[in-house]
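# Structure assessment
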Number of protein chains: 2
Amino acid sequence: MNWDPAQFTVDKIIIADDHPMFRDALRQAMSSSHADCQIIEAESSESLRLQLREHHDADLLVLDLNMPGVEGFSALAYVQKKYPDLPIIMISANDKPETIMHAKHFGALGFVSKSASIQEIRRGVNTVLQGDTHFPYQFNEQLYQKLDDTLAETTRQVAELTPQQLKVLGMIKQGLLNKQIAYDLDISEATVKAHVTAIMRKLGVNNRTQAVMKVANIEIH
Amino acid sequence: MNWDPAQFTVDKIIIADDHPMFRDALRQAMSSSHADCQIIEAESSESLRLQLREHHDADLLVLDLNMPGVEGFSALAYVQKKYPDLPIIMISANDKPETIMHAKHFGALGFVSKSASIQEIRRGVNTVLQGDTHFPYQFNEQLYQKLDDTLAETTRQVAELTPQQLKVLGMIKQGLLNKQIAYDLDISEATVKAHVTAIMRKLGVNNRTQAVMKVANIEIH
DNA sequence: GGTCACATAAGACCAAAGTCTAATGGGTCA
DNA sequence: TGACCCATTAGACTTTGGTCTTATGTGACC
């Protein structure tokens, strides 16, 4: 590494991670290259919110993905919206390409896996501190963009269903027959069939089995 | 804590975790209470296998769940079978009750979440080193036993399918018609129907939609 | 040589799924 | 008052799904 830490000053870094051991390790790693840097710790999204209010002048936020109290990327989205100028680097044990892509799209300037070595993590942090972005080079965005697009499309399609159609779709997922659905909703089987046809048309599928697989992992509200 | 580390000697501990930072932190935590203890590190299931061959006399294995190269609990099952006398404590970022229960059932003597404080982790490790078991007290085994049972039952049922039936089930999941399946497998539709009937009988469902939902999140090999 | 599991298949039959057309009524919005 | 969306339904029709019975061939295992 031909990079010199003295080239720029770092006054304050916030580390948000619910694993005390990881926070400790990261603090040590950071203070060895930035001796006079103040390190703020947050162990939950709530404490992160409080710390940010006090330390909105920080140079960097190191954010863990799986913090309790936040569903997925909502913490990232929240911080990004409220403090647009605060650089964020995400650190996560989950380094699937989808995750990295999401981090990128939600405005993180960098991403490092927790599986990375201390040197790699430090390099990623320093790169972002210098104003650059830092993502694992192995991952092919185009490739996973498509996967993500299909999920997004499905979500859009489901959103186009009418309330009654959603109900019916939910019951199809339970393996109910049209007849049973009709009885439970107190409507005729003909109506159920009409709904099913409409559902399949909107989802772009040809039968209920395909419909079920398409929304298998989507919550029907 | 009214517990005295000098009460027993600890010569050798193996730490298996793919996060270098966590390994460092844990090593530090351990060496502070067991100064003369040798700490062996493994960063993958492969290196764990090698280290175990050399250090099968270790006093404890601290095992991370999400190591690359092992699907879920296979590493735990492997070690447990090959070295039945080696105490194992699991450490994981995923501390869902199901996970804890699995660890317990696969023979781990303890479980601590990575979200726990260093003191808690150290206490868990020491408890297991003393020959006791250590699991989070909050978790209600009976409650999650049931959830787990249904998943385990499904897995058992899928395991009873013949190779050809597995193929057919996989194609059903793709929403193919019996006719299409017959064409693709170059068999008659009657045969496909026979397979489908057998599949549904073994899975304990009444139609293909229910079958699909039942195995929606199971990989069909 | 006999048993067993598996894959294959035909034919008959009934139930369920899905399409199309046409029609009614309620609600909202301009 | 229309235009429009949504929910509802009937009737006729075709296709698909699923059961049951019966039957053949093959390879493994003892």
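Residues numbered from 1 in each chain as written. Chains lettered and ligands numbered in written order. Predicted model: local features only at pLDDT ≥ 70, side-chain atom pairs only at ≥ 80, totals over all residues. Heavy atoms only, no water.

### Side note on the pairing of strand S1 (residues 12–16) of chain B
Residue and element names in this part refer to chain B. With 5 of its 5 residues buried, S1 lies for the most part within the structure. Across the two faces of S1 the burial is the same, with Lys12, Ile14 and Ala16 and Ile13 and Ile15 all buried. Pairing geometry for S1 and strand S2 (residues 38–42), over 5 bridges, is parallel. Bridge assignment links Ile13 to a residue of S2, and that residue is Ile39. Taking the sense of rotation as the criterion, the β-α-β connection linking S1, helix H1 (residues 20–33) and S2 turns out right-handed. Where S1 meets strand S3 (residues 60–64), 4 bridges bridge the pair, whose relative direction is parallel. Along S3, the bridge assignment pairs Ala16 with Leu63. (Buried < 20%, exposed > 50% of the residue type's maximum accessible area, 1.4 Å probe, protein only. Helix = DSSP H or I, 4+ residues; strand = E, 2+ residues; numbered from the N terminus. Pairing = 2+ DSSP bridges. Right-handed = clockwise from strand over helix to strand, strands pointing away.)

### Concerning the protein's contact with DNA strand C
Near DNA strand C lie 17 residues; those nearest to it are Lys179 and Arg208 of chain A together with Thr162, Gln164 and Ser188 of chain B. When atoms of DNA strand C within 4 Å of the protein are sorted by moiety, sugar and phosphate together comprise 77%. In the model, a phosphate oxygen of DNA strand C is placed 2.8 Å from a nitrogen or oxygen of the Arg208 of chain A main chain. At the level of secondary structure, the elements contributing two or more residues to the surface near DNA strand C comprise helix H8 (178–185) and helix H9 (189–203) of chain A together with helix H7 (163–173) and helix H9 (189–203) of chain B. Residue contributions to the surface near DNA strand C peak at 4 residues, all from H9 of chain A. Here the surface near DNA strand C is built from residues that sort into 6 nonpolar, 8 polar and 3 charged. (Near = heavy atom within 4 Å. Polar contact = N/O pair within 3.5 Å; in protein donor to acceptor, adjacent residues only side chain to side chain. Nonpolar A, V, L, I, M, F, W, Y, C, P; charged D, E, K, R; others polar.)

### Quick look at the protein's contact with DNA strand D
Lining the immediate environment of DNA strand D, one finds 19 residues, of which Thr162, Ser188 and Thr191 of chain A together with Lys193 and Thr197 of chain B sit closest. The sugar-phosphate backbone supplies 79% of the atoms of DNA strand D found within 4 Å of the protein. At 2.5 Å, a side-chain N or O of Thr162 of chain A approaches a phosphate oxygen of DNA strand D. Between a phosphate oxygen of DNA strand D and a side-chain N or O atom of Gln164 of chain A, the distance comes to 2.9 Å. Put simply, the parts of the chain that give the surface near DNA strand D at least two residues each are helix H7 (163–173) and H9 of chain A together with helix H8 (178–185) and H9 of chain B.

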